[in-house]
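# Observations on chain architecture
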Protein chains: 2
Amino acid sequence: MKSDIPVTSLQRLPVYLNYLKTSGDGDQYISSGAIARALDMGEVLVRKDLAYTSAQGRTRVGYKREELIAALEDYLGCNDRKNAVIFGAGGLGCALLSYGGFKNYGIDVVAAFDNDKNKIGTEVDGKPVMDAAQACEGIAALGAKLAVICVPARYAQSVADLLINCGVRSILNFAPVLLKVPEGFTVRNIDVAANLAILSSLS
Amino acid sequence: MKSDIPVTSLQRLPVYLNYLKTSGDGDQYISSGAIARALDMGEVLVRKDLAYTSAQGRTRVGYKREELIAALEDYLGCNDRKNAVIFGAGGLGCALLSYGGFKNYGIDVVAAFDNDKNKIGTEVDGKPVMDAAQACEGIAALGAKLAVICVPARYAQSVADLLINCGVRSILNFAPVLLKVPEGFTVRNIDVAANLAILSSLS
């Protein structure tokens, strides 16, 4: 079902959700036009995107705000708790371990893995840094299907291979390399430096 | 000139650059077809994207690898040094201060700003954490036109307003809110949690 939605639409759903959650002005209803204006988007696009969820807009009044939030949360799986792990407990990995924003999407980042003996056995924000050599046992015990790769670029593909072998289905990759994963698995890349470079090219 | 390129094409240029830099197999030439296959993209798309740069492909042999790298680096401004600052010296901000990947794109992350008295005056990886109350003077002295926002969501808009006032042209925003900036300024958002949520919806 979810594979019917274009990825570009799916990427906008968290934006709508964020907006609805942070813009509560006491009104019970909100129209697609109001959302479109606030987010500087086209109204038809907003309506099409929201049509992928179970939310029902009403002529003239728009969406019931609470229902729309619930429909978006449901679609994005915010109500199903999912465990995720971080691979690489360096600066970025540790920052993500203690980042609170994942909870809004039903994601619990429960542990990190690293191969540095000085880090293994420590905790960050109450979450354990575990031995990368025992990643499969750890991931199975934690029931994690999501993982975030925060290792240097040259190790990222071998970590991805390991994670796939350990039962991880989806990988968020911060290493500036393109990862290959078998069909049926998903990877998203966040190349922070490339994003900043793109910005500076535009300005 | 740069505004002619579609943002989606611009976003792919760092991917090509990364691939070319990390896949060197000694061959002097590389074809758009080989790049397309390696990155699992369409060949026509690759050729179109690369046509925005100054690189000239030759029939049958393709691009001279070194020339293509140089053309991409030139287009992305990797050879113009640019200073960037981080706003918010928490976990993520500090991780980015010590992240080496920016240098590949000609970006020097030179300082962070924070309002926490315990952080002001300290250093991370040799880079100073400065007083947010003196951001304008600091940004002017450093000549920074790029900034990365790593503060909690509720402060992000006021930090963006401040940065724009201080002469920053482009903002990379990690806070999970949509920022408003005046026309002529650019913002890119990286919502880490939303990215992980999108992945988990797809899997």
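Further up the page is the structure itself.
What comes next is a walk through the structure. (Residues numbered from 1 in each chain as written. Chains lettered and ligands numbered in written order. Predicted model: local features only at pLDDT ≥ 70, side-chain atom pairs only at ≥ 80, totals over all residues.)

Time to look at the overall build of chain A. Across its full length, chain A carries eight helices and nine strands. Burial analysis of chain A (203 residues in total) assigns 42% to the buried set. (Helix = DSSP H or I, 4+ residues; strand = E, 2+ residues; numbered from the N terminus. Buried ≥ 20, exposed ≤ 12 C-beta atoms within 10 Å, placed from the backbone.)

Moving on, we come to the pairing of strand 4 (residues 107-114) of chain B. Residue and element names in this part refer to chain B. By the criterion of burial, strand 4 is predominantly enclosed, with six of the eight residues buried. Bridge analysis of strand 3 (residues 82-87) against strand 4 gives six bridges, and the strand direction is parallel. Residue pairing for strand 4: V85 is matched across the bridge by A111. Remark: the strand 3/helix 5 (residues 91-97)/strand 4 crossover connection has right-handed handedness. (Pairing = 2+ DSSP bridges. Right-handed = clockwise from strand over helix to strand, strands pointing away.)

Residue and element names in this part refer to chain A. Every buried residue belonging to helix 3 (residues 43-50) is among V46, D49 and L50, and all of these are buried. For helix 3, the arc enclosing every buried residue in end-on projection is 95°, short of the 170-degree limit, so these residues lie on one face. The elements touched by buried residues of helix 3 are helix 1 (7-22) and helix 2 (32-39). (Arc of directions from axis to C-beta. Contact = placed C-beta atoms within 7 Å.)

For the rest of this paragraph, the subject is the sheet that holds strand 3 (residues 82-87) of chain A. Residue and element names in this part refer to chain A. Strand order in the open sheet formed by seven strands is 5-6-4-3-7-8-9, with mixed pairing between adjacent strands. Each edge of the sheet is formed by a strand with only one pairing partner; in this case those strands are strand 5 (123-124) and strand 9 (186-189). Contacts from helix 7 (residues 153-165) reach strand 3, strand 7 (146-149) and strand 8 (170-173) within the one sheet, and its direction differs from that of strand 7 by about 170°. (Axes fitted to C-alpha atoms, helices over the stretch in contact; angles between N-to-C directions.)

For the rest of this paragraph, the subject is the interface of chain A and chain B. With 50 residues of chain A at the contact, the number on the chain B side is 50 residues. Elements represented by at least two residues in the side of chain A that touches chain B include exactly helix 1, strand 3, helix 5 (91-97), strand 7, strand 8, strand 9 and helix 8 (192-202) of chain A. Among the elements that take part in the side of chain A that touches chain B, helix 8 of chain A stands out by supplying 11 residues, more than any other. Of the residues contributing to the side of chain A that touches chain B, the split by class is 30 nonpolar, 14 polar and six charged. (Nonpolar A, V, L, I, M, F, W, Y, C, P; charged D, E, K, R; others polar.)

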